[in-house]
Amino acid sequence: MVHQQRSEAHLSPSSDTEDIVSVLAPRLAHFAGVARTEHVTRAAQEMQVPQSTLSRAMVRLEQDLGVDLFARRGRTVSLTPAGRTFLGSVERALAEIARAAEEVRADADPATGKVAFGFLHTMGSETVPGLIRAFRVDHPRVRFSLVQNYGEAMIERLRAGELDLCLTSPVPDAPDLVARRLDEQKLRLVVPAEHRLASRKRVRLAEAADETFVTLEPGYGLRRITDDLCRQAGFKPRIAFEGEEAETLRGLVAAGLGVALLPPPAVPRPGVAELTVTAPRAAREIGVAWLSGHPDTPPVAAFKRFLLSRRGRLLPD
């Protein structure tokens, strides 16, 4: 069946998607209401809008589309074939909008909402599980979307709106971010168990100047800290392997493939010795960051307050 075309002004076929959506979107719920009741007066009463407003909206919708959506018999209307086709898509679109609205409302619920939380790989096995366990004592039904990544990648996701908060190191300093220092984590020189320094408890980093290092890849905060500490000790590290996980680096050290500057492990690893670095002072700051000016939902605000309350005791003993 050929759809009857109207002569009134309407959106042209060349109109871009943004124009079409901005014109049609406000009228879709009205159209669905009229289509459901097949009666303008009854639809106006149900939607609590003036009948004249609803009638004009339907006429304008048809004008904008250039297609008859209704066959009219007084106050009663019935859908044309074009109207039925349009209604199917409109109902799916409205259902998706309703689903999205329910989802964001659920995520913002103070008791059962969601926190998108990012953190460093090295904090995933012990620190973060302990934090969430402690937080949920008072907020047992708050949900978490957890992301493990390196610092720069988490900051990018924070700026993209994919994360609410992140634990990172070094603590970022940027005008579009708010960051608070929470704790400090000492770094150790990790050497193979049979290494010449393995029997020592303490070491100056300069004593490892001739060693081969295994490190995280460039872009990782711990890599920048390693390079900086070696520079302070008077040498540039000779890098043999670069990885993405601290425990992988420990494995490489245990295999005798180099030494590394790493935070303490959650569980002691055989095959390595972990030495305290006395000079330069080897530590990294851990902080929490969020997007400046970004409004918090109640669960995010509660978890932020909790993290800030852990200042100085963020990390397990």
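Residues numbered from 1 in each chain as written. Predicted model: local features only at pLDDT ≥ 70, side-chain atom pairs only at ≥ 80, totals over all residues. Heavy atoms only, no water.

*Asks:* When you look at the packing of helix 5 (residues 127-135) against helix 9 (residues 298-309) in this model, what are you seeing that I'm missing?
*Replies:* What describes two packed helices is the angle between their axes and the distance between those same axes. Interaxial distance between helix 5 and helix 9 falls to 11 Å at its minimum, and their mutual angle equals 115°. The angle between the axes of helix 5 and helix 9 places the two elements in the roughly perpendicular class. Crossing geometry of helix 5 relative to helix 9 is assigned as right-handed. On helix 9, the residues that touch Leu131, Ala134 and Phe135 of helix 5 are Pro299, Ala302, Phe303, Phe306 and Leu307. For the contact of helix 5 with helix 9, a count of residues per class yields eight nonpolar, no polar and no charged. (Axes fitted to C-alpha atoms, helices over the stretch in contact; angles between N-to-C directions. Helix = DSSP H or I, 4+ residues; strand = E, 2+ residues; numbered from the N terminus. Parallel < 35°, antiparallel > 145°, perpendicular 65-115°, else oblique. Left-handed = near helix turned anticlockwise from the far one by under 90°. Contact = heavy atoms within 4.5 Å. Nonpolar A, V, L, I, M, F, W, Y, C, P; charged D, E, K, R; others polar.)

*Asks:* Even after reading the chapter, I still don't get the packing of helix 2 (residues 40-47) against helix 3 (residues 51-65), so can you show me in this structure?
*Replies:* Remark: helix 2 packs on helix 3, axes separated minimally by 9 Å, with the N-to-C direction vectors making an angle of 115°. As summarised for this structure, helix 2 and helix 3 are arranged roughly perpendicular, according to the angle between their axes. In the packing of helix 2 onto helix 3, the handedness of the crossing is right-handed. Judged by residue contacts, Val40, Thr41, Ala43, Ala44 and Met47 of helix 2 engage Gln51, Leu54 and Ser55 from helix 3. Counted by class, the contact of helix 2 with helix 3 contains five nonpolar, three polar and no charged residues.

*Asks:* Is there a simple way to explain empty space enclosed by the protein in this structure?
*Replies:* Unfilled space is identified by rolling a water-sized probe across the atoms. Using the criterion set out here, one finds one cavity of 30 Å³ or more in the structure. Each pocket or cavity is described by its volume, and for the largest cavity that value is around 110 Å³. Lining the largest cavity are 14 residues, with Leu120, Thr122, Leu216, Tyr220 and Arg284 positioned closest to its centre. Taken together, the residues that form the lining of the largest cavity break down as six nonpolar, five polar and three charged. (1 Å grid on protein atoms, 1.4 Å probe; cavity = no way out; pocket = protein on both sides within 12 Å on 5 of 7 lines; lining within 4 Å. Points joined across faces, edges and corners; volume = space filled by probe spheres on them.)

*Asks:* When you look at the packing of aromatic side chains in this model, what are you seeing that I'm missing?
*Replies:* Here a ring pair, both rings aromatic, is described through the centre-centre distance and the interplanar angle of the planes. One pass over the structure, following the stated rule, counts 11 aromatic pairs. Where phenylalanine 135 meets phenylalanine 144, the ring centres are 5.9 Å apart and the plane angle is 85°; that geometry is what we call edge-to-face. Taken as a pair, phenylalanine 135 and phenylalanine 144 share a single burial class, namely buried. Members of the aromatic cluster, connected to one another through ring pairs, are Phe117, Phe119, Phe135, Phe144, Phe303 and Phe306. (Phe/Tyr/Trp six-rings, centres within 6.5 Å; stacked < 30°, edge-to-face > 60°. Buried < 20%, exposed > 50% of the residue type's maximum accessible area, 1.4 Å probe, protein only.)

*Asks:* Got a minute to help me understand the layout of surface pockets in this structure?
*Replies:* Of the pockets and cavities examined, the largest pocket occupies roughly 690 Å³. The wall of the largest pocket is formed by 30 residues, among which Gln185, Lys186, Pro263, Pro264 and Pro265 lie closest to the centre. Among the elements of the structure, strand 6 (177-186), helix 8 (246-254) and strand 12 (272-279) are those that each provide at least two residues to the lining of the largest pocket. Tallied by class, residues from the lining of the largest pocket come to 12 nonpolar, eight polar and 10 charged. Taken as a whole, the second largest pocket encloses approximately 270 Å³ of empty space. Taken together, 16 residues form the lining of the second largest pocket, with Gly161, Asp164, His294, Thr297 and Val300 sitting closest to its centre. Counting residues per element, the ones that place at least two in the lining of the second largest pocket are helix 4 (81-107) and strand 3 (114-119).

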